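# Observations on the model geometry
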Amino acid sequence: MELISILKKWTLPIAIATGGIVYLLFAFIPLLAPVSDIFEPVFNFLLPICMFLMLYVTFCKVDFRKLIPVKWHFWIGVFQVLFVFIVVGIILFFKLQGDGLILMESVLACIICPCASAAAIVTQKLGGSIEDMTTYTFLSNFICAALIPTCFPLIEPNVNVDFMESFLIILNRVCMVLVAPMLVAYFTKHWRILRPLYNWIISVRNLGFYFWAFTLTIVTGTTVKNIVHADTTALFLVFIALLGLLLCLIQFAVGRFIGRFFGSTIESGQALGQKNTTFAIWIAFTYLNPLSSVGPGCYILWQNIINSIEMWYYEKHSNKE
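Cut-off values and rules
- Residues numbered from 1 in each chain as written.
- Predicted model: local features only at pLDDT ≥ 70, side-chain atom pairs only at ≥ 80, totals over all residues.
- Heavy atoms only, no water.
- UniProt positions renumbered as here; feature names shortened; annotations may be inferred.
- Helix = DSSP H or I, 4+ residues; strand = E, 2+ residues; numbered from the N terminus.
- Axes fitted to C-alpha atoms, helices over the stretch in contact; angles between N-to-C directions.
- Parallel < 35°, antiparallel > 145°, perpendicular 65-115°, else oblique.
- Left-handed = near helix turned anticlockwise from the far one by under 90°.
- Contact = heavy atoms within 4.5 Å.
- Nonpolar A, V, L, I, M, F, W, Y, C, P; charged D, E, K, R; others polar.
- Salt bridge = Lys/Arg side-chain N within 4 Å of Asp/Glu carboxyl O.
- Buried < 20%, exposed > 50% of the residue type's maximum accessible area, 1.4 Å probe, protein only.
- Patch = residues over 30% accessible without salt bridge, like charges linked within 9 Å, V, L, I, M, F, W, Y side chains within 5 Å.
- Areas by Shrake-Rupley, 256 points an atom, 1.4 Å probe, with all protein chains shown as cover.

Under an unreviewed UniProt entry, the name given to the chain is Transporter, and the organism recorded is Prevotella disiens JCM 6334 = ATCC 29426. Listed in UniProt under the heading Subcellular location (unreviewed entry), the comment for the chain reads: "Membrane".

Here, UniProt's "transmembrane region" (unreviewed entry) annotation points to residues 12-33, 45-62, 74-94, 100-123, 135-155, 167-188, 209-228 and 234-258. As a span, residues 12-33 carries 82% helix and 0% strand, and end to end its C-alpha atoms are 27 Å apart. Segment residues 45-62 splits into 83% helix and 0% strand. End C-alpha atoms: 27 Å apart.

What follows concerns the packing of helix H4 (residues 71-93) against helix H7 (residues 130-155). H7 packs onto H4 with a crossing angle of 20 degrees between their chain directions and a minimal axis gap of 10 Å. The angle between H4 and H7 falls in the class roughly parallel. Two packed elements cross with a definite hand, and for H4 against H7 that hand is right-handed. Residues Trp-72, His-73, Ile-76, Gly-77, Gln-80, Val-81, Val-84, Phe-85, Val-88, Ile-91 and Leu-92 of H4 pack against Asp-132, Met-133, Thr-135, Tyr-136, Leu-139, Ser-140, Ile-143, Leu-147, Cys-151, Leu-154 and Ile-155 of H7. Here the contact of H4 with H7 is built from residues that sort into 16 nonpolar, five polar and one charged.

Moving on: the pattern of salt bridges. Applying the stated criterion to the full structure yields four salt bridges. Between Lys-125 and Glu-315 there is a salt bridge whose closest N-O contact spans 3.9 Å. One end of the pair, Lys-125, is in helix H6 (residues 119-125); the other, Glu-315, is in helix H14 (residues 294-320), and 190 residues separate them in sequence. Given the relative accessible area of 17%, Lys-125 is considered buried. Given the relative accessible area of 24%, Glu-315 is considered partly exposed.

Right, let's get into the packing of helix H11 (residues 234-260) against helix H12 (residues 265-273). Contact pair H11 / H12: the axes reach a minimum separation of 7 Å and the direction vectors enclose 145 degrees. As for the relative orientation of H11 and H12, their crossing is right-handed in sense. Across the interface between the two elements, Gln-251, Phe-252, Val-254, Gly-255, Arg-256, Ile-258, Gly-259 and Arg-260 from H11 touch Thr-265, Ile-266, Ser-268, Gly-269, Gln-270, Leu-272 and Gly-273 from H12. Across the contact of H11 with H12, the residue classes break down as five nonpolar, eight polar and two charged.

A few words on a nonpolar patch on the surface. On the surface, a cluster of nonpolar side chains totalling about 550 Å² of accessible area is made up of Trp-10, Ile-14, Ile-305, Ile-309, Trp-312 and Tyr-313. Element by element, the count of residues in the nonpolar patch is highest for H14, at four residues. Along the chain, the position of Ile-14 falls in helix H2 (residues 11-28).

Let us now look at the environment of Ile-91. Within the fold, Ile-91 resides in helix H4. Taking the C-alpha atoms as reference points, Ile-91 and Ile-155, separated by 64 residues in sequence, lie 7.0 Å from one another. The contacts of Ile-91, once residues within four sequence positions are left out, are Leu-96, Leu-101, Met-104 and Ile-155.

Attention shifts here to the environment of Thr-223. Position of Thr-223 among the secondary structure elements: in helix H10 (residues 207-228). Overall, Thr-223 belongs to the buried group, its relative accessible area being 2%. Taking the C-alpha atoms as reference points, Thr-223 and Gly-20, 203 residues apart in sequence, are found 8.1 Å from one another. Sequence-distant contacts of Thr-223, that is, excluding residues within four places in its chain, are made with Gly-297, Cys-298 and Ile-300.

Rendered as structure tokens:
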């Protein structure tokens with residue numbers, strides 16, 4: 001029972017460590033190389049399914065009548081836009097090139113990308129409002145859709161980004177990732193024939209969280225793969241990783257600071273700090289220097305370490321009460 005208790009408390013760090021270690025074993029032990037070729041397409045197939053199930057289970061617990069914007073949504077959105085403009089301004093003012101440009105593009109990818117879909121799950125674990133978090137997840141995707149075609153042509157002149165085309169691509173991704181599981185969850189919740197399934201989902205505590213942990217294991221393995229195969233020096237990778245840590249701490253801290261004024265420190269901290277890094281990696285590969293994708297790749301590790309510490313702290317104080 002003690003081992004199970006430890007596993008529950010440190011689920012996210014264990015998921016991160018497992019994903020990283022398993023990839024390294026398959027990558028550097030020649031005997032396992034053929035097995036990795038078999039498992040790679042399997043994991044690629046499982047990843048979107050796990051993401052869907054994770055959000056579907058979470059949305060089953062959402063009160064859809066409470067999905068409305070609140071005051072802190074506005075200020076978190078303002079600060080995200082402000083951070084983006086600051087980074088773009090630094091790139092343009094100093095006319096950055098080479099490694100300096102790659103570093104700032106990795107920062108920009110982490111800032112401009114929307115709030116992570118899994119933020120609602122972590123927020124619920126921390127005792128916050130899952131409805132407020134879900135609403136902001138949608139809003140942040142629209143902010144991202146507006147910022148990318150506006151900012152990226154300024155820093156990468158060779159990249160031709162059509163505003164409406166980019167907006168519709170991101171909107172399509174939002175529908176696939178967020179709207180689809182939400183609609184299925186809504187029908188599960190309100191369709192009488194599916195009521196037994198809904199009752200079972202509600203009865204299983206932390207089901208969505210464990211789906212997220214398994215998803216994180218796969219994502220971490222992919223992240224480690226990208227870092228290992230990055231065409232640059234180890235010192236530069238360490239610098240990107242440390243910059244990602246600093247950025248992660250700043251965004252969580254600013255988010256929680258804003259939330260104090262509205263009694264929503266948990267929600268606003270997650271909203272600004274926890275990012276959809278899978279999406280960030282995609283936009284880095286699509287619009288920026290591909291090496292800048294290492295930034296959001298490291299960011300996913302830092303944000304989940306912070307989430308683990310927050311959950312440990314929350315459970316520790318909840319048990320005392």
